[in-house]
Amino acid sequence: MAYLGPRLAPSRIFVPGVSAFRLLGTVGMANMGLAMSRSPLERLDFDNVALKKLPVDSSEEPGVRQVKGACFSRVKPQPLTKPRFVAVSHEALALLGLSGEEVMNDPLGPEYLSGSRVMPGSQPAAHCYCGHQFGQFAGQLGDGAACYLGEVKVPAGQDPELLRENPSGRWEIQVKGAGSTPYSRQADGRKVLRSSIREFLCSEVMYFLGVPTTRAGSVVTSNSRVIRDVYYSGNPRHERCSVVVRIAPTFLRFGSFEIFKRADEHTGRQGPSYGRDEIRGQMMDYVIETFYPDIQRNHPERVERNVAFFREVMLRTARLVAQWQCVGFCHGVLNTDNMSILGLTLDYGPYGFMDRFDPDFICNASDNSGRYSYQAQPAICRWNLVKLAEALAPELPPDRAEAVMDDYLDLYNGFYLESMRKKLGLLKKDEPEDELLITELLQTMHNTGSDFTNTFRSLSQISCPTEGESEGEEELVRKATDLLLEQRASLEELKAANKPAMDPRELAMLLSMAQSNPALFQMISDRTSIARQLDRLSKLKDLMETSQEELKTQQAEEWSRWITRYRKRLARELQGQSDVRAAQEERVRVMDSTNPRVVLRNYIAQNAIEAAENGDFSEAQRVLKVLEKPFSLQPGLELPAWVGGGGGGGGEATKRGERDEGEDQQQEAASTSTARNPVPYDSRPPAWAHEICVT
């Protein structure tokens, strides 16, 4: 499998510094200083196969343009002023055979890893792709801020498991935020600290959670600045240009194959390479031969090969979205151009890990219709796969693609139930009633406003019924209920959560329009959104007539009913087990290695961002260190870095950025994380967290 799954042991990697030391005896004295002083990034062994196998734009003219008949365009990354590291991921850089410590201490490191200086062997380029955005074909999109630097050969001695996950034998590296490309449209190709820290941290936590993902090697910031209106409120401010290094076998995506699309019947837009069917075949050959070699070997007939390829992409996508659902992750912008052809989580923008469980959770404040809500993700991924199938035709016959897609829902449900059973510790038996037990758990979590991550983490503390228990069933259920009630929402929190997003007068007008003028109603709204608003209104009305004590009693009754059913199911797990104690210990071990103790909640990322914007990078480093072990308690790393003057994570000294004149006044407009009461990383979010708006 070619996705980047979890690794339990450190990589067996080739470390350039160590090997150079061992070979000192063969280096002449005159060359010794040169050999040891070279930047480790100058020793990377590039083999840029994508640029050899796929057509490259013949024009190198600057500026935005339509790129026809090509998959890549040559670009020149634009240098930053005084680039410096915010943080590096030692684990991710090890994929390239690099020591994170060595890179951090390399004077040229920030220049090379921001695109300000081009590494020997690197061939900067931007990828051309299209996409369906919010259901509409948008035409040419492409790498508007990302820049392909090249492909680094897998170093000798890398973990064989990684070679199975990445059979190409190379890692593609990108810089994101290195300036404009032919695909930047009206933008400047730059990224800022906010988006860069969020992408860096989430890329890494997803890996450590065991979710297939692209990786992030470093974040670099600088004294270069751009103007951004953070909330589109008419209050722009200067922000520092920052760059993330991204690593993956490839960043090709569903939208890569949409550059051949004929004029869309709704938008009128067409792919820039429409009519160039030979390039589609060329791309499919490259992707299958390079990243799916088993399929290439086992299917000599071209159509059968292509069907097998599409089936594997479908399977990986179904597995991926099931994993998202099971950790409460919402991507936020599941356009076809953000879907990896390898089944990896790709392009971290306005994502969010769910706090209070809500199937209608929307992490992207720009998603007014809820198209990309948490519960919509499995269906949206299916829709995107259908669009990929259309883009692969005629290389992929439509009837064969349709037959493959018939299996999507069953595969997704299978992956989802398999993961959910582990989260509940149901390891010995698969019972038909398990699906209902899971559904009732989620419904109880929704009704009580319970925290998604912490509720699942708490389940391993609910005991299995055994003979000779010192306490009665009623007392044990009461204790378990009290445990889960710690994660419930208060009355005020539930009122705020159920407040309709629409003004009641607007809602009344739309309801009237739905009856009197259905055609106009369909143009400006939809029945699902209206139904969601009406449901919120109904719940809010009930909450307004309920006291805090009445609510707590209702919540306790709901949890008691579910816990009673859960303990009966756990009792059946132990039937026929010769060693009950060993079975119980295995259950707790599996649950605690499946249900994370900590995830990258928005407020955790926000604390790191605000500290970095104030020149203190230690919190970003510390959060990375916490997230590298999301299932474990790490003594000394329970609270943010500034509490008690704590230092940064990873053993590096706290890095402080420089302030330019006038920046202090800009920072006054932003809230300061250190002024808030700190909460542990594994706690429910603080009250201020609901104010965070990500677009």
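Residues numbered from 1 in each chain as written. Predicted model: local features only at pLDDT ≥ 70, side-chain atom pairs only at ≥ 80, totals over all residues. Heavy atoms only, no water.

Engineer: A description of the overall build of the protein should follow, citing residues and the corresponding values.
Structural biologist: Scanning the protein from N- to C-terminus turns up 26 helices and 12 strands. Taking all 695 residues of the protein together, 56% fall into the buried category. Counting only contacts in the protein whose residues sit at least 6 apart along the sequence, the fraction spanning at least 24 positions is 76%. Element-wise, carbon and sulfur atoms account for 51% of the exposed surface of the protein, whose accessible area totals about 29500 Å². (Helix = DSSP H or I, 4+ residues; strand = E, 2+ residues; numbered from the N terminus. Buried < 20%, exposed > 50% of the residue type's maximum accessible area, 1.4 Å probe, protein only. Contact = heavy atoms within 4.5 Å. Areas by Shrake-Rupley, 256 points an atom, 1.4 Å probe, with all protein chains shown as cover.)

Engineer: Could you give an account of the packing of helix 11 (residues 302–327) against helix 14 (residues 408–424), naming the residues involved and the relevant values?
Structural biologist: Two numbers describe how helix 11 lies on helix 14: the axes approach to 8 Å, and their chain directions differ by 35 degrees. The handedness of the crossing between helix 11 and helix 14 comes out as right-handed. Of helix 14, the residues touching helix 11 (which contributes Met314, Leu315, Ala318, Arg319, Val321, Ala322, Gln325 and Cys326) are Tyr408, Leu411, Tyr412, Phe415, Tyr416, Ser419, Met420 and Lys423. Of the residues that constitute the contact of helix 11 with helix 14, the class distribution is 12 nonpolar, two polar and two charged. (Axes fitted to C-alpha atoms, helices over the stretch in contact; angles between N-to-C directions. Left-handed = near helix turned anticlockwise from the far one by under 90°. Nonpolar A, V, L, I, M, F, W, Y, C, P; charged D, E, K, R; others polar.)

Engineer: Any details on the nonpolar core? Residues and values, ideally.
Structural biologist: Considering soluble globular proteins, one finds that nonpolar side chains tend to be buried as a cluster. Core analysis: the largest hydrophobic core is formed by 171 residues, its most contacted members being Met206, Phe310, Phe353, Leu424, Leu459, Tyr566 and Leu600. With seven residues, the next largest nonpolar core counts Leu507, Met513, Ala514 and Phe521 among its residues. (Core = buried A, V, L, I, M, F, W, Y, C linked by side-chain atoms within 4.5 Å.)

Engineer: Account for helix 24 (residues 602–613), naming residues and giving values.
Structural biologist: Over its 12 residues, helix 24 extends 16 Å from the first C-alpha to the last, a length consistent with the 16 Å expected when each residue adds 1.5 Å. Among the 12 residues in helix 24, 11 count as buried, and that is most of the element. Here helix 24 has its buried residues at Asn602, Tyr603, Ile604, Ala605, Asn607, Ala608, Ile609, Glu610, Ala611, Ala612 and Glu613. At the exit of helix 24 stands Gly615, carrying a positive phi of roughly 95 degrees. (Expected span 1.5 Å × (residues − 1).)

Engineer: Let's hear about the pairing of strand 7 (residues 170–176): which residues, and what values?
Structural biologist: Walk down a regular strand and you will see the side chains alternate between the two sheet faces. With respect to burial, strand 7 is a largely interior element, seven of its seven residues being buried. Across five bridges, the pairing between strand 7 and strand 10 (residues 237–248) is antiparallel. Its bridge partner being in strand 10, Gln174 is matched across the sheet by Arg246. (Pairing = 2+ DSSP bridges.)

Engineer: Residue-level account of the confidence of the model for the protein, with values.
Structural biologist: On average, residues of the protein carry a pLDDT of 89, and 90% of them reach 70 or more. Contacts for the low-pLDDT stretch residues 1–35, under 50 throughout, to residues beyond four places or in other chains number 66 contacts. Low confidence marks residues 645–657, where pLDDT is under 50. Its contacts with residues over four positions away, or in another chain, come to 32 contacts. (pLDDT = per-residue confidence, 0-100.)

Engineer: Give a detailed account of the pattern of salt bridges, specifying residues and quantitative values.
Structural biologist: Summed over the entire model, instances satisfying the criterion amount to 46 salt bridges. Taking the shortest distance from any N to any O, the salt bridge between Glu390 and Lys387 comes out at 3.4 Å. Of this pair, Glu390 and Lys387 both sit in helix 12 (residues 377–392), three residues apart, which is roughly one turn of that helix. Residue Arg565 pairs with Glu440 through a salt bridge whose shortest N-O separation is 2.8 Å. Residue Arg565 is found in helix 22 (residues 548–574), and its partner Glu440 is found in helix 15 (residues 434–448); the two are separated by 125 residues along the sequence. (Salt bridge = Lys/Arg side-chain N within 4 Å of Asp/Glu carboxyl O.)

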